[in-house]
Amino acid sequence: MKLSRLFQPRNPAFWAMIALNVLSSAFAWILRSYPLKPLGLALVASLALANAMLGMWFAWRLACEDGGKGSAGRGM
């Protein structure tokens, strides 16, 4: 796993991760700015958690992929 692999502007998963991070910020802003009723609070909070988990999955996938090089590209 390499953290430098997170920055891949040509990979659609990178842009999905960026969009989910922006959406996560919007969810946090909604939760902090508006006095929501319990049902609305539970709905927005669960959407925020699901969004954060999906964003982390995309980040993990980007950090762990080998950049298209399989074991054949390693010279073994």
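Residues numbered from 1 in each chain as written. Predicted model: local features only at pLDDT ≥ 70, side-chain atom pairs only at ≥ 80, totals over all residues. Heavy atoms only, no water.

**Observations regarding the overall build of the chain**
Now for step 1: Helix and strand content of the chain: 2 helices and 0 strands.
Now for step 2: Across the 76 residues that make up the chain, the buried fraction comes to 18%.
Now for step 3: Taking the intrachain contacts of the chain between residues at least 6 apart in sequence as the baseline, contacts between residues at least 24 apart amount to 71%.
Now for step 4: When the accessible surface of the chain is split by element, carbon and sulfur atoms take 70% of a total near 5900 Å². (Helix = DSSP H or I, 4+ residues; strand = E, 2+ residues; numbered from the N terminus. Buried < 20%, exposed > 50% of the residue type's maximum accessible area, 1.4 Å probe, protein only. Contact = heavy atoms within 4.5 Å. Areas by Shrake-Rupley, 256 points an atom, 1.4 Å probe, with all protein chains shown as cover.)

**Thoughts on the environment of serine 24**
Now for step 1: Among the secondary structure elements, serine 24 is positioned in helix α1 (residues 12–33).
Now for step 2: You can call serine 24 partly exposed: its relative accessible area is 22%.
Now for step 3: As for serine 24 and alanine 48, which are separated by 24 residues in sequence, their C-alpha atoms are 6.0 Å apart.
Now for step 4: Residues contacting serine 24, with those up to four places away along its chain left out, are Ala48, Asn51 and Ala52.

**Some remarks on the nonpolar core**
Now for step 1: The biggest cluster of nonpolar side chains holds 6 residues, and these are Ala13, Phe14, Met17, Leu20, Phe58 and Leu62.
Now for step 2: In terms of residue count, the dominant contributor to this core is α1 (4 residues).
Now for step 3: Beyond its immediate stretch of four places on either side in the chain, phenylalanine 14 contacts Leu6, Phe7, Gln8, Pro9 and Leu62. (Core = buried A, V, L, I, M, F, W, Y, C linked by side-chain atoms within 4.5 Å.)

**Section: the side chain of glutamine 8**
Now for step 1: Mapped onto the secondary structure, glutamine 8 falls in the segment before α1.
Now for step 2: Accessibility expressed as a relative area gives 11% for glutamine 8, which makes it buried.
Now for step 3: The residues touching glutamine 8, leaving out its near neighbours within four places in the chain, are Phe14, Leu62 and Glu65.

**Re α1**
Now for step 1: With 22 residues, α1 ought to run about 32 Å at 1.5 Å a step, and its terminal C-alpha atoms sit 31 Å apart, in line with that.
Now for step 2: Among all positions in α1, only Ala13, Phe14, Met17, Leu20 and Phe27 are buried. The buried residues of α1 occupy an angular sector of 135° when the element is viewed end-on, so they sit on one face. For α1, the exposed residues lying more than 90 degrees away from the buried face are Pro12, Val22 and Trp29. (Expected span 1.5 Å × (residues − 1). Arc of directions from axis to C-beta.)

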